[in-house]
Each structure stands twice: as structure tokens, then as C-alpha cells.
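Tertiary structure, described
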Amino acid sequence: MTLAATTVDTLCINTLRTLAMDAVQKANSGHPGTPMGLAPVGYTLWSRFLRYHPEHPDWPNRDRFVLSVGHASMLLYSLLHLAGVVEIDAQGQRTGQPAISLDDIKQFRQAESKTPGHPEYRMTTGVETTTGPLGQGCANSVGMAMAERWLAERFNRDGQVLFDYNVYTLCGDGDMMEGISSEAASMAGHLKLDNLCWIYDNNTISIEGHTELAFSEDVIKRFQAYGWHTLHVTDANDLQALSTALETFQANIGAPTLIVVDSVIGYGSPHKHNTAAAHGEPLGDEEIRLTKAAYGWPQDSSFLVPDEARTVLRDALHARAEPLYQQWNQTLANLEPHLADELRRMRAGEMPEQWQADLPSFAADAKGVASRAAGGEVLNAFAQQIPWLIGGSADLSPSTKTNLTFDGAGRFSADDYSGRNLHFGIREHAMGAIANGMALSYLRPYTSTFLVFSDYMKPPIRLAAIMELPVVFVFTHDSIGVGEDGPTHQPIEHLTQLRATPGLLTLRPGDANETLELWKVALAQTHRPSCVVLSRQPLPTLDRTKYAAPAGAAKGAYVLAGADKPEVILIGTGSEVSLAVAAYEQLTNEGVAAQVVSMPSWELFEEQDQAYRDSVLPPAVKARVVVEQAGPLGWDRYVGQTGAKVVMNSFGASAPLAKLQEKFGFTVEHVVKQAKVQIQHNSTE
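Residues numbered from 1 in each chain as written. Predicted model: local features only at pLDDT ≥ 70, side-chain atom pairs only at ≥ 80, totals over all residues. Heavy atoms only, no water.

1. Considerations on the overall build of the chain
What counts is decided by this rule: Helix and strand assignments follow DSSP, with helices taken as H or I runs no shorter than four residues and strands as E runs no shorter than two, numbered in order from the N terminus. In this treatment the radius of gyration is a C-alpha quantity, and the globule benchmark scales as 2.2 Å times the residue count to the 0.38 power. Each residue gets one of three labels from its accessible area relative to the maximum for its type: buried under 20%, exposed over 50%, partly exposed in between, using a 1.4 Å probe on protein chains only. Contacts are assigned to residue pairs that have any heavy atoms within 4.5 Å of one another. Residue exposure ignores everything except the shown protein chains as possible cover, and the areas themselves are Shrake-Rupley values with a 1.4 Å probe.
When helices and strands are counted, the chain shows 24 helices and 22 strands. For 685 residues, the compact-globule formula gives about 26 Å, and the C-alpha radius of gyration of the chain, at 28 Å, lands near that figure. Seen through its principal axes, the chain has C-alpha atoms that stretch 95 × 60 × 45 Å. When each of the 685 residues of the chain is scored for burial, the buried share is 61%. For the chain, the share of sequence-separated contacts (at least 6 apart) that also reach a separation of at least 24 residues comes to 76%. Carbon and sulfur atoms make up 49% of the accessible area of the chain, which amounts to about 25300 Å² in all.

2. Considering the side chain of T496
Structurally, T496 can be placed in helix 17 (residues 494–499). Excluding anything up to four places from it in sequence, T496 contacts G631 and L633.

3. Side note on helix 15 (residues 428–439)
For clarity, the cut-off: By definition here, a helix of n residues has an expected span of 1.5 Å times n minus one.
Here helix 15 is 12 residues long and its end C-alpha atoms lie 17 Å apart, about the 16 Å a rise of 1.5 Å per residue gives. By the criterion of burial, helix 15 is predominantly enclosed, with 12 of the 12 residues buried. All of the buried residues in helix 15 are E428, H429, A430, M431, G432, A433, I434, A435, N436, G437, M438 and A439.

4. Examining the sheet that holds strand 12 (residues 421–423)
In plain terms, the rule: Strands were regarded as paired on the criterion that DSSP finds at least two bridges between them. Working convention: axes come from line fits to C-alpha atoms, limited for helices to the stretch in contact. Angles between N-to-C directions cover 0 to 180 degrees.
Overall, parallel pairing links the six strands, which are arranged 12-11-13-14-16-15 in an open sheet. Looking at which strands have only one partner, the edges of the open sheet turn out to be strand 12 and strand 15 (505–507). The mean inter-strand angle of the sheet, taken between neighbouring strand axes irrespective of direction, is 20°. Note: strand 11 (residues 389–393) against strand 12, three bridges, orientation parallel. Across the sheet, the residue bridging to G391 is N421, located in strand 12.

5. Quick word on the pattern of salt bridges
What counts is decided by this rule: We define a salt bridge as a contact between a side-chain nitrogen of Lys or Arg and a carboxyl oxygen of Asp or Glu at a distance within 4 Å.
Going through the model one piece at a time under the given rule, you end up with 32 salt bridges. With a closest N to O distance of 2.6 Å, E148 and R149 form a salt bridge. Each member of the pair, E148 as well as R149, is classed as buried. As a salt-bridge pair, E217 and R222 come within 2.5 Å of each other at their nearest N and O atoms.

6. Some words on the layout of surface pockets
In plain terms, the rule: Both cavities and pockets are sets of points on a 1 Å grid over the protein atoms alone; in a cavity a 1.4 Å probe fits but cannot get out, in a pocket the set is open with protein on both sides within 12 Å along at least five of seven lines, and lining residues sit with an atom within 4 Å of a point. Grid points are joined across faces, edges and corners, and a volume is the space filled by probe spheres set on the points. Note on residue classes: Ala, Val, Leu, Ile, Met, Phe, Trp, Tyr, Cys and Pro are nonpolar, Asp, Glu, Lys and Arg are charged, and everything else, Gly too, is polar.
For the largest pocket, the calculated volume is near 1100 Å³. Lining of the largest pocket is provided by 36 residues; of these, D89, A90, Y121, R122 and R347 occupy positions nearest its centre. Secondary-structure elements contributing two or more residues to the lining of the largest pocket are strand 2 (86–88) and helix 12 (337–348). The leading source of residues in the lining of the largest pocket is helix 12, at three residues. A breakdown of the residues in the lining of the largest pocket according to their chemical character gives 16 nonpolar, 10 polar and 10 charged. In this structure, the second largest pocket encloses a volume near 380 Å³. Lining the second largest pocket are 21 residues, and of these L134, G174, I205, S206 and I207 lie nearest its centre. Of all elements in the fold, only helix 6 (173–177) and strand 6 (205–206) reach the threshold of two or more residues within the lining of the second largest pocket.

7. Topic: the packing of aromatic side chains
What counts here: To pair, rings of Phe, Tyr and Trp, with the six-membered ring standing in for Trp, must have centres within 6.5 Å; the planes then decide the type, stacked if under 30 degrees apart, edge-to-face if over 60, and tilted in the middle. We call a charge positioned above a ring when the Lys NZ or Arg CZ atom is no farther than 6 Å from the ring centre and deviates by at most 35 degrees from the ring normal.
Per the counting criterion, the structure on display carries 19 aromatic pairs. Seen in terms of ring centroids, F412 and Y417 are 5.3 Å apart; in terms of plane orientation they differ by 50°. Their pairing is tilted. Under the relative-accessibility criterion, F412 is labelled buried at 4%. Centroid distance F450 to F453: 6.0 Å. Interplanar angle 15°. Geometry classified as stacked. F453 matches F450 in its accessibility class, with the two residues each being buried. Members of the aromatic cluster, connected to one another through ring pairs, are W602, F605, Y612, W635 and Y638. The positively charged end of K663 is found above the aromatic ring belonging to F664, 5.5 Å away from the centroid.

8. Some details on the UniProt feature "active site" (unreviewed entry) in the chain
Filter applied, for reference: UniProt positions are given in the numbering used here, feature names are shortened, and annotations may be inferred rather than shown by experiment.
UniProt marks E428 with the feature "active site" (unreviewed entry), using the numbering shown here. Mapping E428 onto the fold places it in helix 15. Judged by its relative accessible area of 6%, E428 falls in the buried class.

9. Things to note about unusual backbone geometry
One non-glycine residue, R109, lies in the positive phi region at around 65°. In this fold, R109 is placed in the loop between helix 4 (102–106) and helix 5 (136–155). Residue R109 is classed as partly exposed on the basis of its relative accessible area, which comes to 26%. You will see that E468, though not glycine, has its phi angle at about 60°, which is positive.

10. Some remarks on helix 16 (residues 458–467)
Among all positions of helix 16, only P460, I461, L463, A464, A465 and M467 are buried. In this structure, the buried side of helix 16 is in contact with helix 5, helix 15, strand 14 (472–476) and helix 17. E468 sits one or two residues past helix 16 and shows a positive phi near 60°.

11. Overview of the UniProt feature "domain: Transketolase-like pyrimidine-binding" (unreviewed entry) in the chain
The UniProt record marks residues 369–541 with the feature "domain: Transketolase-like pyrimidine-binding" (unreviewed entry), using the residue numbering of this structure. Annotation note: span residues 369–541, helix share 35%, strand share 19%, distance between end C-alpha atoms 7 Å.

12. Looking at the side chain of K272
With respect to the helices and strands, the residue K272 is situated in the loop between strand 9 (257–262) and helix 10 (285–295). Residues within four places of K272 in sequence aside, it is in contact with I265, A277, A278, E281, P282, L283 and E287.

13. Overview of the packing of helix 15 against helix 16
Filter applied, for reference: Angles below 35 degrees are treated as roughly parallel, those above 145 as roughly antiparallel, those between 65 and 115 as roughly perpendicular, and all remaining angles as oblique. Here a crossing is taken to be left-handed if its near helix is turned anticlockwise relative to the far helix by less than a right angle, and right-handed if that turn runs clockwise.
Where helix 15 meets helix 16, the axes come as close as 8 Å, and the angle between the chain directions of the two elements is 20°. On the basis of the axis angle, helix 15 is roughly parallel to helix 16. Two packed elements cross with a definite hand, and for helix 15 against helix 16 that hand is left-handed. On helix 16, the residues that touch H429, G432, A433 and N436 of helix 15 are P459, P460, L463, A464 and M467. For the contact of helix 15 with helix 16, the residue count by class is six nonpolar, three polar and no charged.

14. Points about the packing of helix 3 (residues 73–83) against helix 11 (residues 312–333)
Where helix 3 meets helix 11, the axes come as close as 6 Å, and the angle between the chain directions of the two elements is 75°. As summarised for this structure, helix 3 and helix 11 are arranged roughly perpendicular, according to the angle between their axes. Seen from helix 3, the contacting residues are L79, L82 and A83; seen from helix 11, they are L313, R314 and L317.

Okay, structure coming up:
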């Protein structure tokens, strides 16, 4: 095999291009065109600018590289391979193996490989976040940049810098069209995140054809309006122009940077370049031969990595990062012990030793308190013990009660990055993805909005579950208890949607003390997100001298009170627990052997052993009634096909809560009636 005489830069770039082409062809699946067009951009960034240590890819002060155009995953895998990045295992230890070997590239898109179709965090060392749904990586990168600013304020001292990394994001036409990117860009500009650089691959091709079919706006003007610094590179193959643009970003102060790069999708392919055919399907053997010929590459080669290309990226990255890495470790060694311990715990996902100190308690109170209000009190107590617990709301904190109000909490802003109250504006979608980016950067973020608006946050919630990120999503106004605001603001199907998401905890406490217990559960998570679902209306605080202790909530369900051998079991969640209790009391007064179960979390309950689950829901007791102001889907598993479901089977209505409860059957009388029907039905079987 002979290669045409060329510069080492071109050799490396063509290695990236041909690896992408060959991997997609072997898999008979994938997206070759964008890696072919963007290879010069990736190479220039990694070889000349990225501060990244290939032997220490978990270095906290590394620059972050986010491939928001996740379908171009072969570009990232090829870069990781040529850079010689070392694998880090699940325990944080270097294995001595490459993060991506050539065999891994040959297994692109195959079962159990480290090279899935889209980059997957935790699966592949060097992948900073799971990307694929367009726009998510863009918003993640804003969270990473925000986290760097907060970490710098927390840990840097005069002359002692632990955090000053940059975040680089490759994004495409699809990212620019998605609303989440606009939300995130607007927020980044408002916060003046000058450590953030988006590189926009302006190849003007989408799956359906040229982007002019649906996209004609001036992106540069849009970003200028957001407060970004904008640059334009008219040829992706012009390494000097790319370098100048990246140098300009690094010197820029007071604004994030957008670099628009005009590229040719499928660059070098004689028949498919600059067409939709190069986007999401293999080029074909003959077209690959012709393309390699155009590169001066051996036409019959496959997965060729020339010796001259094997060390260029690795050596460049190592030379740039090694002295900075050594200096960073020395700075860490000189850090005040309490801050060093704090950073260690953040990286390990551990809580401070005293994280559960000075927590509130809630006395029995028939009038009670809304669980959103109790949740706010509990959150503030935890936040005073966990300095890296940081978050906010999509413009609803006065309603969600999630403001941190203690001295020193502060407000995160362009003027003060040390604040812990985040103001996301009315940007729920970006809020969720930004929180994911912060969780990927050692912080413990929380977000809050109304439960009905979880619709706007489904993609980042799902991705948090896929990535096993311990983000806490707080959702208040959780039922028809919203009242007069009406059906547009009354969630019905939303609990079902959250419960259907694998790896996600849905926690719906029944009173103030359960709220405390379930916040403990949420914050104790290290590898999964939680949704804490809270009421707008006051909930009675149960008398725990009369009913079981709230610690049972941590098991997902527990028996609050009742006969040892009940005739009927009443199951309630959230605001309906007190209704189930009231019905239980009436049944008991009438001589009916009843039992009441609080079930704040299906997921936690399913994790208990069979003996415990049977003790809460004895299989012999067939008469069961569930009470929840939400849709019925899924409750059959606990009450059976014939069990009674006092639930919502329609959207709500605009009226005072008492009227809605009567209209939809959430009354003591109706629950008691259903319990008796169940008893009668099962006694005749």
C-alpha cells in the first residue's frame, strides 16, 4: 500500500475520514458524511487546542468536547483512537487498555461494543455525555460551562487555579433548528459564558435534502442577538482559518462564541458529497474506493491507520496537558483540607458526613402543609449541609418553593458565579439538559417546575436515566389540586409517563414527613435521577404516634395502619394518602377490617424482597382500592384487573378543589363505597 505524498495534518485528517467510511460500511449502518466533512475541524481542535490528557481522561480540569451531532459518532471514536486515550473503568481506575481500539472501531454499532451508534456516557471513556437527540448536547455543554464557573469560584484562589477549562461543542444544522438549542444559547449569552464555544457545522444538508427546504434564518445574526461573539470560517479544510477562529475564542472575554464552519458533507465522495445520500447510510464499496482515490489513499485498504498518524494527536495532547496536569495536582495538594475533601466527595458522588444534620421535623397537624412548602423547607436544610447542591426553577420558584433562602446561598449570574440559586427562565427543556450537564461536572443539581410541564422536559429526564445521573427533578402542582387553573395545568397522564421511564425514581410523598424521607432517598442516589412530585394544596401532617413512622416511605410502600387480617386494602399516593386514611377511619368505625397503605414510589417498592412486598400487600387480600388523582394505567399490578381504581379517567376542569374532588369522586364517601363493593365482590367469588 502506498500513500500519496502529503502533510502529516492531511494524513491524520484522511485517517479520520476513512475510518468513519470503513466502519459505517462494515456495520452497514451509520452516518459517514458528517465525520468526513468535519474531520479537519475535529483534528485542528484536538491537535492544537484541546486541553485533554489522554492518559488521564478523567482529569477534572480537562477541556470538555461535546459531540452534539451524535450521529457523527465515528468522528469521536476515531479521534479517541488516534489520541491514544486510556480506558477508565467503572471504579475510576485505568485499565491499561485503549478507550477505543481498532477492533472496537471494527465493531461499530454491534452488540456489546464500545462504539454504539450514538455516543453513550459511561459506556465509552472519553464520551462526556450521551448525545443523539439533537440539541441535547448543546444544552449539556451550557451546564458544563456553568459548572466550571461555579467550581472556579468555589475552589480557585489567587495564583492557585483548579478550574479554568473550556467547553467545545460540535453542532449541526439540526441542532440549530431544535428549540432546546435556542433556549440554551439564550441563557448562555445572558450569563456571558466566555468558556463556551459552539462550532456549527454548516453543511446545509438534512435527511430530506438541502436545509433550504425548512431553514433560511441567519444563524449568525440570531446568535449575535443572544449576546454571543460570532465567527465564520468559510472552508472546513482551511486549518489556519480554523486555528485563528479558535485562538479568537480563547482570547474572547464576556461572551460565549459561535464559530460557523462551512463544510461539505461526504467530502471527497465523487457522487455523494453535498447530498442527503451521504448523511445516514453507507457510501457503498465502489464509492468508498473512488473516495479513497480522491484522498490519495490506497483504494483496497480497510481500517488503515498509517504509522505516521498513530502518535500525532497523542503526542500533541500529552505535550500540552502533562505540565498542566502536574501543576494541577500540586495545586490540589496545597488546597485547604476541607475543600480537598469536598472535591473528592463531589468526584466520587459522596455526600458530606453531616448531610442529614439539622433536618426539620413536622408535628401532627390536621390542617397540614402543602408538600411543596415542606419540600422547600427540607431542601434548604439539606442545601446548607451540601455546598454543591445547586439548582432552581423555570421561573416558578415562588410557586415551587425551591429558592435557597439561607445566608450565602446567592444567585448565580454573570456578575456572581458563586450563587446557588439558578434562574432558568421559562426554558423547561433546556433547564433539564443544563442540569444534566452540571451533574456530569460533579455538581448535584435540582430543577423545578409544575408537573404538567414535565412534558417539556421528557428528553433530558430520559437521558438522565440513560446516563444514570443523580439529578433531582422537582415537580409541584401535581394533580387536579391545581384547581381553578383548569385542565391545561392539571397533570393526568404524567405520573404514568415518569413511572414508565427505566432507571428513574418517581417519589410522591403523602405528607410533610414523607417529603423529608423521600428527599433523603433522592439525594442518596448516585446512579439514577429522581422526580420529587409535590402538591400545591395543604396535606394533613399525619400523627405518627397513631400511624406508622414515615421511614417506611423509603421502601416505596408501607402499611400506615390497619387490621392484621384486613378485608380490604386502601392504597394512596401523595395528596390522596390522607383521603385513604379518612376512608380507613370511617370503615374502621363501621366495623370493617381495613388497612391503609401509602405507596409513594413504585420503583422503590419493586426493589424490596418478595417477603416485604407480601407483608404490605398480602396476596390473600384481593379486595383493594387505589386512590390517586392521576390516570389509571399501571395500577392493575397492585389491585388486579377487578380492583377498584379511584383515579382520573379524563382531563380535569376549572373549579375550586372541593368541587373537583366531588365531581371526580375523590371523597371519603366514594372511597368507602368502593371498598365495600370490593369486599362484597370478593366474598361471593
